[in-house]
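# Coordinate analysis (summary)
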Amino acid sequence: MISNQILQNTIDGLKGITKVDMCVLDTEGKVLAETTADDEHEKLGESISAFVVSQADSQTLQGNQFFKVYDDTQLEYIVVAMGDSEEDYTIGKIAVFQIQSLLIAYKERYDRDNFIKNLLLDNLLLVDIYNRAKKLHIQMNARRVVYIIETSKEKDSEALETVRGLFAGGIRDFITAVDEKNIILVKELAPTDTYENLDKTAQIILDMLNTEAMARVHVAYGTIVNEIKEVSRSYKEAKMALDVGKIFYHEKRVMAYSNLGIGRLIYQLPMPLCKMFIKEIFDDSSPNDFDEETLTTINKFFENNLNVSETSRQLYIHRNTLVYRLDKLQKSTGLDLRTFEDAITFQIALMVVKYMNYLEAMDF
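Residues numbered from 1 in each chain as written. Predicted model: local features only at pLDDT ≥ 70, side-chain atom pairs only at ≥ 80, totals over all residues. Heavy atoms only, no water.

### As for helix α5 (residues 157-166)
Since there are 3.6 residues in each turn of an α-helix, residues three or four apart along the chain are aligned in direction. Every buried residue of α5 is listed here: Ala 159, Leu 160, Thr 162 and Val 163. Across the axial projection of α5, the buried residues extend over an arc of 160°, all falling on one side. If you follow the buried residues of α5, they end up packed against β6 (144-150), β7 (174-177), β8 (182-188) and α6 (195-211). (Buried < 20%, exposed > 50% of the residue type's maximum accessible area, 1.4 Å probe, protein only. Helix = DSSP H or I, 4+ residues; strand = E, 2+ residues; numbered from the N terminus. Arc of directions from axis to C-beta. Contact = heavy atoms within 4.5 Å.)

This is the structure in structure tokens:
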């Protein structure tokens, strides 16, 4: 169904060119759009009722030209051109043609949108994917990638329109939504596009939404696929990248599935295995029990690749103070973060605890 605003813009534009007043009504006589400043449409009630049940597609009644607009075979709108001249009749026919063209365009857009949603959610059989893609003139063998843009508020129409405006020139790109907070972009790529190009596109989306829509968002994207049937895989990868990024790399606003590293493995671990691992490393304690100073020291030490001198300099503490803290941590956990193997074990343990905290929060 075309929005009333689109109908209003259409007849306003026609009146601006032709100076002929028009009115668009539904089959029950309710006015959807009009260019008349007075209450002319209120005089059309009986004429509308008679015209709807008649067999005629156009008719002159009460000195005005009446037209029917169909969606396939279903009567959808009544268009009234105010006047009974031949010119008024021609203008009315132009309005009918314009509205019918809009109906076709909106239906095609809806069909494509519905197809893409079902494709992303794996709701289609393989044979249906190819048949519907062919019917909708969607290229089956093309390089594509799926982006997920998560907005900070539900049903953010301004953010959605900003994304649509940003990719308005990409006639083979699809923009849709499968839930309340996520905008999905299925982007067709050029043969020369690399993952570096994908990251630049994600940054552009991020910057544009921050400035135009004043929205704080996260952007994630999957891997490049080459066939229409593989689009759902790229969507699942983007979805995982979004979740993993929020758990382990919350400071990042753009996440790529190909850059998730060990976070991707931890994300797929069951809770019992996580608990068993943490108990083996920390016994009855947990990194959640560490004070802020200890956690800051650990994180900064990892950021500086286990470099004691650089870490102490950035923490504004003496080198011996840092060594003391590391020795104290070794006594309580049995892990010496100055050795690579223990440092890796500890880093993985910290990530596992983050994941466990995430799962527990999801249960509430």
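Having seen the model, we can carry on.
### Comments concerning the packing of aromatic side chains
Summed over all chains, the structure comprises nine aromatic pairs. Relative to Tyr 355, the ring of Tyr 267 has its centre 6.0 Å away and its plane inclined at 55°; by these criteria the two rings are tilted. Placement of Tyr 267 in helix α8 (residues 262-267) and of Tyr 355 in helix α13 (residues 340-363) is noted, with a sequence separation of 88 residues between them. A ring pair is formed by Phe 282 and Phe 290, whose centres lie 6.2 Å apart and whose planes are at 80°; its orientation type is edge-to-face. On the basis of relative accessibility, which here comes to 17%, the residue Phe 290 falls in the buried class. Through a chain of ring-to-ring contacts, the aromatic side chains of Phe 282, Phe 290, Phe 302 and Phe 346 assemble into a single cluster. The ring of Tyr 249 is capped by Lys 252, whose NZ or CZ atom sits 5.4 Å from the centre of that ring. (Phe/Tyr/Trp six-rings, centres within 6.5 Å; stacked < 30°, edge-to-face > 60°. Lys NZ or Arg CZ within 6 Å of the ring centre and 35° of its normal.)

### Details of the sheet that holds strand β9 (residues 218-221)
Whether parallel or antiparallel, the strands of a sheet pair through hydrogen bonds between backbone atoms. Spatial strand order, β7-β8-β6-β9-β10: five strands in an open sheet with mixed pairing. Two strands close off the open sheet at either side, each with one partner strand: β7 and β10 (254-256). Here the average twist between neighbouring strands, direction ignored, is 20°. Two strands pair when backbone bridges link them, and β9 and β10 are joined in this way by three bridges, in the parallel orientation. Across the sheet, residue Val 219 finds its bridge partner in β10, namely Val 254. (Pairing = 2+ DSSP bridges. Axes fitted to C-alpha atoms, helices over the stretch in contact; angles between N-to-C directions.)

### Observations concerning the sheet that holds strand β2 (residues 31-34)
Spatially, the five strands line up as an open sheet ordered β2-β1-β5-β4-β3, and their pairing is antiparallel. On the outer flanks of this sheet lie β2 and β3 (58-61), each paired with one strand and no other. Averaged over neighbouring strand pairs, the angle between their axes works out to 25° when direction is ignored. With four bridges connecting them, strand β1 (residues 22-25) and strand β5 (residues 74-81) associate as antiparallel partners. When the bridges of β5 are listed, Cys 23 appears paired with Val 80. Packed on one face of the sheet, helix α1 (residues 4-18) meets β1, β2 and β5 and runs near 30° to β2. Those strands touched by helix α2 (residues 45-53) are β1, β3, β4 (64-71) and β5, and its axis lies near 45° from that of β4.

### Some points on the nonpolar core
In this structure, Phe 115 and Phe 346 are the most contacted members of the largest nonpolar core, which totals 57 residues. Excluding anything up to four places from it in sequence, Phe 346 contacts Phe 282, Phe 290, Ile 298, Phe 302, Leu 329, Thr 333, Leu 335 and Leu 337. Of all hydrophobic cores here, the second largest spans 23 residues; its members include Leu 160, Leu 189, Ile 205 and Val 254. (Core = buried A, V, L, I, M, F, W, Y, C linked by side-chain atoms within 4.5 Å.)

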